[in-house]
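# Survey of secondary and tertiary structure
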Amino acid sequence: MDYQVVHPANADLLMVEGSWPTPARPIRAAFLESEDGKKSPNATPRFILFQDGKIVLTVTGNGGWKDRMWPRIQEVTATKA
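To keep things clear, this report deals only with the structure shown in the data block. All figures in this text were calculated on a predicted structure; none of them were measured in a lab.

Conventions and cut-offs
- Residues numbered from 1 in each chain as written.
- Predicted model: local features only at pLDDT ≥ 70, side-chain atom pairs only at ≥ 80, totals over all residues.
- Heavy atoms only, no water.
- Helix = DSSP H or I, 4+ residues; strand = E, 2+ residues; numbered from the N terminus.
- Rg over C-alpha atoms; globule rule 2.2 N^0.38 Å.
- Buried < 20%, exposed > 50% of the residue type's maximum accessible area, 1.4 Å probe, protein only.
- Contact = heavy atoms within 4.5 Å.
- Areas by Shrake-Rupley, 256 points an atom, 1.4 Å probe, with all protein chains shown as cover.
- Lys, Arg positive; Asp, Glu negative; His and termini not counted.
- Charge placed at Lys NZ, Arg CZ, Asp CG, Glu CD.
- Core = buried A, V, L, I, M, F, W, Y, C linked by side-chain atoms within 4.5 Å.
- 1 Å grid on protein atoms, 1.4 Å probe; cavity = no way out; pocket = protein on both sides within 12 Å on 5 of 7 lines; lining within 4 Å.
- Points joined across faces, edges and corners; volume = space filled by probe spheres on them.
- Nonpolar A, V, L, I, M, F, W, Y, C, P; charged D, E, K, R; others polar.
- Expected span 1.5 Å × (residues − 1).
- Phe/Tyr/Trp six-rings, centres within 6.5 Å; stacked < 30°, edge-to-face > 60°.

### Points about the overall build of the protein
The secondary structure content of the protein amounts to three helices and two strands. Along the protein, helices and strands appear, N-terminal first, in the series α-α-β-β-α. Its C-alpha radius of gyration of 13 Å places the protein within 12% of the 12 Å reference for a compact globule of 81 residues. Judged by the C-alpha coordinates and their principal axes, the protein covers about 40 × 25 × 20 Å. For the protein, the proportion of its 81 residues judged to be buried stands at 23%. A separation of at least 24 residues holds for 23% of the contacts in the protein among residues at least 6 apart in sequence. Put simply, the protein shows about 5,500 Å² of open surface, and 50% of that area lies on carbon and sulfur atoms. Across the protein, the centroid of the 10 positively charged side chains sits 3 Å from that of the 9 negatively charged ones.

### Quick word on the nonpolar core
Ranked by size, the top nonpolar core spans six residues in total: Leu14, Met15, Trp20, Ala24, Ile27 and Phe31. Setting aside chain neighbours within four positions, we find Leu14 in contact with Pro8, Trp20, Pro41, Asn42, Ala43 and Thr44. Leu49, Leu57, Val59 and Met69 belong to the second-largest nonpolar core, a separate cluster that totals five residues.

### Regarding the layout of surface pockets
In this structure, the largest pocket encloses a volume near 870 Å³. In this structure, the largest pocket is lined by 31 residues; those nearest its centre are Gln4, Val5, Arg46, Phe47 and Ile48. Put simply, the parts of the chain that give the lining of the largest pocket at least two residues each are helix H1 (25–33), strand S1 (46–51) and helix H3 (61–76). The greatest single-element share of the lining of the largest pocket, amounting to six residues, is contributed by S1. Tallied by class, residues from the lining of the largest pocket come to 23 nonpolar, six polar and two charged.

### Digging into H3
In this model, H3 (16 residues) spans 21 Å end to end at C-alpha, consistent with the 22 Å of a helix rising 1.5 Å per residue. Of the surrounding secondary structure, the elements contacted by the buried residues of H3 are S1 and strand S2 (54–60). A positive phi of about 55° marks Ala78, the residue just after H3.

### Some remarks on the packing of aromatic side chains
Tallied over the full model, the rule gives two aromatic pairs. Through pairs of rings, three or more aromatic residues link up here, namely Phe47, Trp65 and Trp70.

Listed below in structure tokens is the structure:
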């Protein structure tokens, strides 16, 4: 599993292509086409699970990470206890 981090200087730069590492730019493009990307692209912190060229899950906030993203990562990596 690859892990990419995007830390722009401010929320306005969050969706600027140059703020994203080159390998993560396809994730940005797919996110901007998604419902969440269109509705609230600048919400942070945002976590995106991208698999096989598609957005599998996107959540915001620490609660979203703990309650939804981490369990899904464990599920797709078969590491759920």
